[in-house]
Amino acid sequence: MRLTTKGRFAVTAMMDLALHDNHKDQPISLASICERQDISLSYMEQLFSRLRRSGLVTSIRGPGGGYHLGRHMSRISIIEIIWAVDEHMDATLCKGGENCQNQNRCLTHDLWSDLNKKMLDYLGSVSLGDLVARYASRGGFIPTIKMPPRRARAKAASRSSA
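Computed from a predicted model, the values in this text were never measured in an experiment. (Residues numbered from 1 in each chain as written. Predicted model: local features only at pLDDT ≥ 70, side-chain atom pairs only at ≥ 80, totals over all residues. Heavy atoms only, no water.)

Draft legend 1. Just the packing of helix α1 (residues 5-20) against helix α6 (residues 128-137), in detail. Where α1 meets α6, the axes come as close as 10 Å, and the angle between the chain directions of the two elements is 70°. With respect to α6, the axis of α1 lies roughly perpendicular. For the element pair α1 and α6, the recorded crossing hand is right-handed. Contacts from V11, M14, M15, A18 and L19 of α1 reach α6 at L128, L131, V132 and Y135. Class assignment for the residues of the contact of α1 with α6 results in nine nonpolar, no polar and no charged. (Axes fitted to C-alpha atoms, helices over the stretch in contact; angles between N-to-C directions. Helix = DSSP H or I, 4+ residues; strand = E, 2+ residues; numbered from the N terminus. Parallel < 35°, antiparallel > 145°, perpendicular 65-115°, else oblique. Left-handed = near helix turned anticlockwise from the far one by under 90°. Contact = heavy atoms within 4.5 Å. Nonpolar A, V, L, I, M, F, W, Y, C, P; charged D, E, K, R; others polar.)

Draft legend 2. The arrangement of a nonpolar patch on the surface in detail. Taken together, L111, W112 and L115 make up a surface patch of nonpolar side chains, about 260 Å² in accessible area. Checked against the element boundaries, L111 lands in helix α5 (residues 109-125). (Patch = residues over 30% accessible without salt bridge, like charges linked within 9 Å, V, L, I, M, F, W, Y side chains within 5 Å. Areas by Shrake-Rupley, 256 points an atom, 1.4 Å probe, with all protein chains shown as cover. Salt bridge = Lys/Arg side-chain N within 4 Å of Asp/Glu carboxyl O.)

Draft legend 3. Up close: helix α2 (residues 30-37). Taken together, the buried positions of α2 are occupied by L30, I33 and C34. In an axial view of α2, the angular spread of the buried residues amounts to 100°, which keeps them on one side of the axis. Those residues of α2 that are buried lie in contact with α1, α3 (41-53) and β2 (66-69). Phi for D38, located one or two positions after α2, is positive at around 55°. (Buried < 20%, exposed > 50% of the residue type's maximum accessible area, 1.4 Å probe, protein only. Arc of directions from axis to C-beta.)

Draft legend 4. View of the confidence of the model for the protein chain. Overall, the prediction assigns the protein chain a mean pLDDT of 84, with 84% of residues at 70 or greater. For the protein chain, per-element mean pLDDT is lowest for helix α7 (residues 150-161), which scores 49, and highest for α3, which scores 96. In the model, residues 143-148 has pLDDT below 50 throughout and makes five contacts with residues more than four positions away in sequence or in other chains. (pLDDT = per-residue confidence, 0-100.)

And the structure:
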C-alpha cells in the first residue's frame, strides 16, 4: 500500500489553496502554490487539470488568473482529492482480484482488504476543512511574507554556517 507523491502533492496543494483562498480576493496562482510548497510547476499543472475536471477547483484564465476551491473546504473530502488525480490506494497484492498466490486467494487477503476499507472510510471522513482547522489549532498561520523555496532556504543556511 502506497500513497504516491501525486496524491500527497494534490492534498498539499489543495490545503495551500484552502488556506489562501477567500473567494473575494484574487484567485491563487499556481506559481505561488508551487513556490510555497517547493513543487514543480509543470507537475502541479497536471494535477490541477485533473482537480479542475473533478470540480474540486475552478480556474480563472488570463493575467491575474489562478484558482479557487470548487466548493467549500468542508465539503471536499481527502479521498476525493486523491481519486481526482487518479491515485488508487490498495494494500492487497492482487488489487482485489483474489489471485494473490498462484492465482488463488492468499492467506492474508481479508486483512489487506479490510485495511483498504478502513483507509477509504477514514480519508472519506476527513475534509479539507478538517485539515485547515487542525492546522490552525496547532498554531499554523498563513505566511504574509514571500518565503523562498525550501531548497533555496537550505542553501542560504548552509552558506551562512560555513
